[in-house]
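Chains, contacts and geometry: an overview
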Amino acid sequence: MRLRLLKRPRRRRTWLLTVAVALAVVAGSGAWLLFRSDDGQAATATTTSEVTSTTIEDTVSASGTVDAAKTADLDFPVSGAVTHVWVAEGDTVKKGQRLAEVDPTALEAARTAAQSTLDAAEEQLSEDQDDDASDVQLAADETAVVSARASLDQAEQAVDDAVLRSTIGGIVTTVGVEVGDTVGSSGGSGSASGSASGSASGGSGGASSGSGTPSSTSTSTTTSSSTSAFTVVSQGTYVVDATVASADVAEVKKGLQAKVTVTGVSDTVFGIVESVGLVAQTNNSGAAVFPVTIRITGQRDDLYAGTSATASIVVKQTADVLVVPSRALKSDGDTTYVLKMVDGKATRTTIKVGETYGAQTQVLSGLTSGDTVQVPGFTLPGGTSSSRGGTNQRKGGLPGGDLPAGGFPAGGQAPAGGAGGGFPQ
């Protein structure tokens, strides 16, 4: 096949051009025959439409990305050498499940010391009470007991925190520690700075220990820290982290419904506005936008974090709005009217209109639900094949007159009267 093309390129190109021109002429003639009326006037198609009541929604657009509804960045709130790591990236975990453990030896020793301190403080208070010590002395003893008991509580919590547990159920997406790593105040993988017998922590991944920040759990999208020992994201529940224009943010409130279109998902996804940011950001175009979090309703197995999404937030709904197709409206000076079908005849009917919603217009008076109105069709070009100057010449096409050399395959000419490159008049 390739050798043939090299031998006879001129003849093959001429044949392709001839066929292309012939097809163009046939297509143009067919379109002309389809849309041109017998008297040479432009053809139109008139239809009817029923007046209906509907619910109108005013929406605000938002765009952003899908993210897991919860993300937990977890670190050890205590110091020590990692002795066990029980999970790997991609594992599914439950809330409270063990992730890793540090050597508890030093923590247990601190707990024992704290218990001894409390025992001594309680014994001293008891002796001073038996000796009828002064109120000042007894107050000091009671303060020592309270302080020692608090230190013991902290030490016991620290022993519990030697095992890091997940604060949410989900998938482990980051594992930043290995057996043998040192974490905590002297380690590089954790962010906690509490000591073994330091201030109380709120459990593994709960409240802070000492002055550290052992972990955090967000109910919206967060970017996991690169220093976190573990990151766990929820499954099945998602949010859309989006932004809205500054001109629209005043209309967006918590609790409003949203229709979300997610890239790669054919169905409409529904959600609820969960939060509206108060501080503006700058988008890629330099315009001011405000962050909005939309929580996707229900469990979904077809969404993925990081996917692009757009949302229409319904800021207002108006029920029982009477509408007609906007194309059915006609005007005569300051009067708006439609051609209402009465006993099969189009009857001019004056109406009062309200808001326009895309291709529909609100009717305030003059019509009722169930009425039928006439809707004009689209006007199609008639006696010419182009609207430019009333001639048959098309921009970029063939000039009016003869076809190029070669003509039709049989060597014939354009149809009679085909001065416009073969298109009928």
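All of these numbers come straight from a predicted model, not from anything done at the bench.

In this section: the overall build of the protein chain. Scanning the protein chain for helices and strands turns up four helices and 22 strands. Sequence separation of 24 or more characterises 72% of the internal contacts of the protein chain that already satisfy a separation of 6 or more. Accessible area for the protein chain stands at about 23,900 Å²; split by element, carbon and sulfur atoms hold 51% of it.

What follows is about the sheet that holds strand 9 (residues 182-183). Strands sit in the order 7-6-4-9 across an open sheet of four strands; the sheet is antiparallel. The strands lining the two open edges of the sheet, one partner per strand, are strand 7 (163-165) and strand 9. As defined by bridge partners, strand 4 (residues 80-85) adjoins strand 6 (residues 98-102) across three bridges and the pair is classed as antiparallel. Counted as the bridge partner of valine 85 is alanine 100 from strand 6.

To continue, consider the confidence of the model for the protein chain. Chain-level pLDDT for the protein chain is 77 on average; 68% of the residues reach the 70-or-more range. Long-range and interchain partners of residues 1-43, a stretch whose pLDDT sits below 50, account for 29 contacts in this model, where long-range means more than four residues apart. Considering only residues more than four positions removed or in separate chains, one finds that residues 186-214, a stretch of pLDDT under 50, has 80 contacts.

Relative to strand 9, strand 4 is paired through two bridges, and the arrangement is antiparallel. Each residue of the ladder has a partner; that of glycine 80, found in strand 9, is valine 183.

Turning our eyes to something else, we now look at a negative patch on the surface. A cluster of acidic side chains, namely Asp119, Glu123, Glu127, Asp130, Asp131 and Asp132, defines a negative patch on the protein surface. With respect to the helices and strands, the residue aspartate 130 is situated in helix 3 (residues 105-130).

Relative to the helices and strands, aspartate 128 is located in helix 3. Exposure remark for aspartate 128: the relative accessible area of 10% places this residue in the buried category. Considered as a pair, aspartate 128 and leucine 138 are 10 residues apart in the sequence and their alpha carbons are 6.7 Å apart. For aspartate 128, the residues in contact, after removing those within four places along its chain, are Ala133, Gln137, Leu138 and Asp141.

Turning our attention to the environment of serine 275. Structurally, serine 275 can be placed in strand 14 (residues 269-276). Serine 275 sits in the partly exposed class, given a relative accessible area of 33%. Non-local contacts of serine 275, meaning those with residues more than four positions away in its chain, are made with Pro291, Val292 and Thr293.

A few words on unusual backbone geometry. Negative phi is the rule for most residues except glycine; trans is the rule for most peptide bonds. The phi torsion at aspartate 320 lies on the positive side, around 55°, for a residue other than glycine. Mapped onto the elements of the fold, aspartate 320 is located in strand 17 (residues 308-325). For aspartate 320, a relative accessible area of 66% corresponds to the exposed category. Positive phi values are uncommon outside glycine, yet aspartate 343 reaches one of about 55°.

Applying the stated rule across the entire model yields zero aromatic pairs. Note that arginine 348 overlies the ring of tyrosine 337, its terminal NZ or CZ placed 4.0 Å from the centroid.

Before going further, it helps to spend a moment on the nonpolar core. If you look at the biggest cluster of nonpolar residues, it comprises 24 residues, and the most contacted ones within it are Val240, Val244, Val260, Val262, Ile294, Leu303 and Ile313. Going through the elements one at a time, strand 2 (52-68), strand 12 (238-245), strand 13 (257-262), strand 14, strand 16 (288-296) and strand 17 are the ones with two or more residues in this core. Once residues within four sequence positions are removed from consideration, valine 244 is found in contact with Val60, Ser61, Ala62, Val249, Val289, Phe290, Val292 and Ile313.

Now for the packing of helix 3 against helix 4 (residues 135-160). Between helix 3 and helix 4, the least distance of the axes is 8 Å, while the angle of their chain directions is 160°. Taken together, the axis directions place helix 3 and helix 4 in an arrangement best described as roughly antiparallel. Crossing of helix 3 against helix 4: the hand is left-handed. Classifying every residue of the contact of helix 3 with helix 4 by side-chain character gives 14 nonpolar, six polar and eight charged.

In this section: helix 4. In a regular helix each residue adds 1.5 Å, so 26 residues correspond to 38 Å; helix 4 covers 38 Å between its end C-alpha atoms and thus fits that length. Buried within helix 4 are the following residues: Leu138, Asp141, Val145, Ala148, Leu152, Gln154, Ala155, Ala158 and Val159. On its buried side, helix 4 packs onto helix 3 and strand 7.

This part takes up the side chain of glutamate 101. Inspection of the secondary structure assignment puts glutamate 101 in strand 6. The charged side chain of glutamate 101 is buried without a salt bridge, its nearest counter-charge being arginine 98 at 5.7 Å. When neighbours within four sequence positions are excluded, glutamate 101 is seen to be in contact with Phe76, Ala81, Val82, Thr83, His84, Trp86, Ala162 and Val163.

Turning next to the pattern of salt bridges. If you walk through the whole model with that rule in mind, you get six salt bridges. For arginine 300, the salt bridge goes to aspartate 302, with nearest N and O atoms at 2.8 Å. Relative accessible area serves as the criterion here: at 26%, aspartate 302 is assigned to the partly exposed category. For lysine 340, the salt bridge identified is with aspartate 371, shortest N-O distance 3.6 Å. Separated by 31 residues along the polypeptide, lysine 340 in strand 19 (residues 335-342) and aspartate 371 in the loop between strand 21 (360-365) and strand 22 (372-375) bring together distant segments of the chain. Exposure remark for lysine 340: the relative accessible area of 21% places this residue in the partly exposed category. A relative accessible area of 14% places aspartate 371 in the buried class.

Calculation notes
Residues numbered from 1 in each chain as written. Predicted model: local features only at pLDDT ≥ 70, side-chain atom pairs only at ≥ 80, totals over all residues. Heavy atoms only, no water. Helix = DSSP H or I, 4+ residues; strand = E, 2+ residues; numbered from the N terminus. Contact = heavy atoms within 4.5 Å. Areas by Shrake-Rupley, 256 points an atom, 1.4 Å probe, with all protein chains shown as cover. Pairing = 2+ DSSP bridges. pLDDT = per-residue confidence, 0-100. Patch = residues over 30% accessible without salt bridge, like charges linked within 9 Å, V, L, I, M, F, W, Y side chains within 5 Å. Salt bridge = Lys/Arg side-chain N within 4 Å of Asp/Glu carboxyl O. Lys, Arg positive; Asp, Glu negative; His and termini not counted. Charge placed at Lys NZ, Arg CZ, Asp CG, Glu CD. Buried < 20%, exposed > 50% of the residue type's maximum accessible area, 1.4 Å probe, protein only. Phe/Tyr/Trp six-rings, centres within 6.5 Å; stacked < 30°, edge-to-face > 60°. Lys NZ or Arg CZ within 6 Å of the ring centre and 35° of its normal. Core = buried A, V, L, I, M, F, W, Y, C linked by side-chain atoms within 4.5 Å. Axes fitted to C-alpha atoms, helices over the stretch in contact; angles between N-to-C directions. Parallel < 35°, antiparallel > 145°, perpendicular 65-115°, else oblique. Left-handed = near helix turned anticlockwise from the far one by under 90°. Nonpolar A, V, L, I, M, F, W, Y, C, P; charged D, E, K, R; others polar. Expected span 1.5 Å × (residues − 1).

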